[in-house]
Amino acid sequence: RRFISLLCGWLHSACGAAAVVLDPHAYNERAIRCYEACGFRKVKELPRHELHDGELADCWLMALVFS
């Protein structure tokens, strides 16, 4: 959590990022909880979004929008 928060803060302050967007696998609940604790919000479910180990996996589109 600390690394994610530091990285997102750096992207915002040093690079001028308005938002950070990512798409973790829907089954990766631990990662999703970590991202939510860092301020990310689920935006949209992406069914069969990514090919992983020969199968299409569902993902969540998540975003951290800076004010």
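This one's a predicted model, so the numbers in the text were calculated from it and none came from an experiment.

## Some points on the nonpolar core
Soluble globular proteins: nonpolar side chains tend toward being buried together. I4, C8, Y35, F40, M62 and F66 are the most contacted members of the largest nonpolar core, which has 14 residues in total. Put simply, the parts of the chain that give this core at least two residues each are α1 (2–13), α2 (29–37) and β3 (55–65). With four residues, α2 is the largest single contributor of residues to this core. Not counting the four nearest positions on each side in its chain, Y35 is found in contact with I4, L22, P24, F40 and M62.

## Side note on the sheet that holds β3
Sheet strands associate in pairs through backbone hydrogen bonding, adopting either a parallel or an antiparallel arrangement. Taken in spatial order, the three strands make up an open sheet running β1-β3-β2, and their pairing is antiparallel. Edge positions in the sheet fall to β1 (19–22) and β2 (41–52), since each has one partner strand and no second. Along the sheet, successive strands turn relative to each other by an average axial angle of 20°, direction set aside. Two strands pair when backbone bridges link them, and β2 and β3 are joined in this way by eight bridges, in the antiparallel orientation. Paired with R41 across the strands is A63, a residue of β3. Those strands touched by α2 are β1, β2 and β3, and its axis lies near 10° from that of β3.

## Section: the environment of A57
Structurally, A57 can be placed in strand β3. Given the relative accessible area of 11%, A57 is considered buried. Measuring from C-alpha to C-alpha, the distance between A57 and D23 comes to 11 Å, with 34 residues separating the pair along the chain.

Rules behind the numbers
Residues numbered from 1 in each chain as written. Predicted model: local features only at pLDDT ≥ 70, side-chain atom pairs only at ≥ 80, totals over all residues. Heavy atoms only, no water. Core = buried A, V, L, I, M, F, W, Y, C linked by side-chain atoms within 4.5 Å. Buried < 20%, exposed > 50% of the residue type's maximum accessible area, 1.4 Å probe, protein only. Helix = DSSP H or I, 4+ residues; strand = E, 2+ residues; numbered from the N terminus. Contact = heavy atoms within 4.5 Å. Pairing = 2+ DSSP bridges. Axes fitted to C-alpha atoms, helices over the stretch in contact; angles between N-to-C directions.

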